[in-house]
Amino acid sequence: MKGEFLRMGKVVNNMVAQLGTFASEVIRVAREVGTDGKLGGQAKVKGVSGVWKDLTDNVNQLAANLTGQVRAIADVATAVTKGDLTRSVTVEAKGEVSELKDNVNEMIRNLRETTITNQEQDSLKTNVAKFTRMMQGQRDMLTVSRSLLSDLCPLVGAAHGVFYMMETDAAGGSANRLKMLSSYGYKERKNVASEWKLGEGLVGQAAYEKQRITLTNVPSDYIQITSGLGEGKPLNIIVLPVLFEGVVKTVVELASFEHFSSIHQTFLEQLSESLGIVVNTIEAGQRTEDLLKQSQSLSEELQSQQEELQQTNEELEEKARL
């Protein structure tokens, strides 16, 4: 071939060579990414333009997008398997890949919430056991109440706490009043009583209803939490009755600058059950000691009377001999 036929042949041959190179590169990238799972591949075809260049760019863009999406999801999944639940997939995606991204992020959120819940439950059980061990074996109610408030208030974020003890009347009848036994961060005020009857005030009302009372958005003139630097009103107040077998033993009042969390409220409810057992045990021990003292006193008195009687008998016998 000569002349224009020769040039046409070269053009056709060149076009066939470029198309072969284009097809080979596109097939290679498609096989690596789609079949072999090798991400990051790019088609390299020199000398193409127009539609063929656009097609090459589209294939490369497809491979790049798929690579970025898969690697982003894999990176986050690897972090989650190592215990990092703060990550999430943020890569842009559409269609089923977007659904996959959303499902992975939802899975991470669920794992994070479950982990936090389990940690809170473990902490709750640990703290309840700690306080129970601390109170077991105690024989003095004043010591128990002071130790309880000193450890309990910082744990639940309370800046103010009062421990009221249920007392009976002088005749030994039914319980009829609550008397402040100990406090934490408490400042006495002229218009605030330290004793409450059943149904009187929130302390007496909580004891009467045998139910917890929670106050939010406390009025500014209700109570003040004070320190050396100043004072301020609490945001949340809890009045918690402590029962044993349906009988109110004590009432604990706590005030905080922040809302008591649900885990704190659950902790207080569980702690009140253990505290009720401890208070009842201490009261039973005190009653036993009182009975023992009375028994000892009666025994001593009886012994004294027997000695007096013996002396009287001896005097009578002496007189009888005379």
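Read on for a plain summary of the structure. As the structure is a computational prediction, the values presented were derived from the model and not from experiment.

## Some thoughts on the overall build of the chain
Helix and strand counts for the chain come out as six helices and eight strands. Ordering the α and β elements of the chain from the N terminus gives α-α-α-α-β-β-β-α-β-β-β-β-β-α. Going through the 322 residues of the chain one by one, you find that 30% of them count as buried. Of all intrachain contacts in the chain linking residues separated by at least 6 positions in sequence, the fraction that spans at least 24 positions is 52%.

## Quick notes on the pairing of strand S8 (residues 247–256)
When you tally the buried positions in S8, you get nine out of ten residues, the bulk of the element. Two elements, strand S7 (residues 236–244) and S8, share nine bridges in a ladder whose sense is antiparallel. Bridging across to S8, Ile238 finds its partner in Leu254. Following S7, the chain reverses through two residues before pairing antiparallel with S8; Glu245 in that reversal takes a positive phi of roughly 55°.

## Some points on the pattern of salt bridges
Scanning the model with the defined rule gives five salt bridges in all. Of the charged contacts, one joins Arg177 and Glu195 as a salt bridge, the two residues approaching to 3.0 Å between their closest N and O atoms. Separated by 18 residues along the polypeptide, Arg177 in strand S2 (residues 175–184) and Glu195 in strand S3 (residues 195–197) bring together distant segments of the chain. Residue classification places Arg177 among the partly exposed residues on the basis of a relative accessible area of 30%. Across the salt bridge formed by Lys249 and Glu283, the nearest N and O atoms sit 3.0 Å from each other. Taken together, the residues span a long stretch of sequence, with Lys249 in strand S8 and Glu283 in helix H6 (residues 262–321) at a distance of 34 residues. Like Glu283, Lys249 is buried. A network of salt bridges, in which partner residues are shared, links Glu167, Arg177 and Glu195.

## Quick notes on unusual backbone geometry
For Lys210, which is not glycine, the phi dihedral falls at a positive 60°. Relative to the assigned elements, Lys210 resides in the loop between helix H5 (201–209) and strand S4 (213–216). A residue is classified by how much of its surface remains accessible, and Lys210, at 40% relative accessible area, is partly exposed. Notably, Glu245 is not glycine yet its phi reads approximately 55°, a positive angle. Taking the relative accessible area as the measure of exposure, Glu245 reaches 72% and is therefore exposed.

## Notes on the nonpolar core
If you look at the biggest cluster of nonpolar residues, it comprises 28 residues, and the most contacted ones within it are Leu152, Leu254 and Phe267. Secondary structure elements with two or more residues in this core: helix H3 (95–135), helix H4 (141–156), strand S1 (160–168), S7, S8 and H6. With eight residues, the top contributor of residues to this core is H6. If you look at the next biggest cluster of nonpolar residues, it comprises 17 residues, including Met166, Met180, Trp196 and Val218.

## Observations regarding empty space enclosed by the protein
Within the structure shown, the criterion is met by one cavity of 30 Å³ or more. Quantified by volume, the largest cavity comes out at close to 40 Å³. Residue lining of the largest cavity: Leu148, Leu152, Leu240, Val242, Val252, Leu268, Leu271, Ser272 and Leu275, and that is the complete set. Of all the secondary structure elements, the ones that give two or more residues to the lining of the largest cavity are H4, S7 and H6. Looking at which element gives the most residues to the lining of the largest cavity, the answer is H6, with four residues. Among the residues forming the lining of the largest cavity, the class breakdown is eight nonpolar, one polar and no charged.

Each value, and the rule that gives it
- Residues numbered from 1 in each chain as written.
- Predicted model: local features only at pLDDT ≥ 70, side-chain atom pairs only at ≥ 80, totals over all residues.
- Heavy atoms only, no water.
- Helix = DSSP H or I, 4+ residues; strand = E, 2+ residues; numbered from the N terminus.
- Buried < 20%, exposed > 50% of the residue type's maximum accessible area, 1.4 Å probe, protein only.
- Contact = heavy atoms within 4.5 Å.
- Pairing = 2+ DSSP bridges.
- Salt bridge = Lys/Arg side-chain N within 4 Å of Asp/Glu carboxyl O.
- Core = buried A, V, L, I, M, F, W, Y, C linked by side-chain atoms within 4.5 Å.
- 1 Å grid on protein atoms, 1.4 Å probe; cavity = no way out; pocket = protein on both sides within 12 Å on 5 of 7 lines; lining within 4 Å.
- Points joined across faces, edges and corners; volume = space filled by probe spheres on them.
- Nonpolar A, V, L, I, M, F, W, Y, C, P; charged D, E, K, R; others polar.

By themselves, these observations are geometric and do not establish any function.
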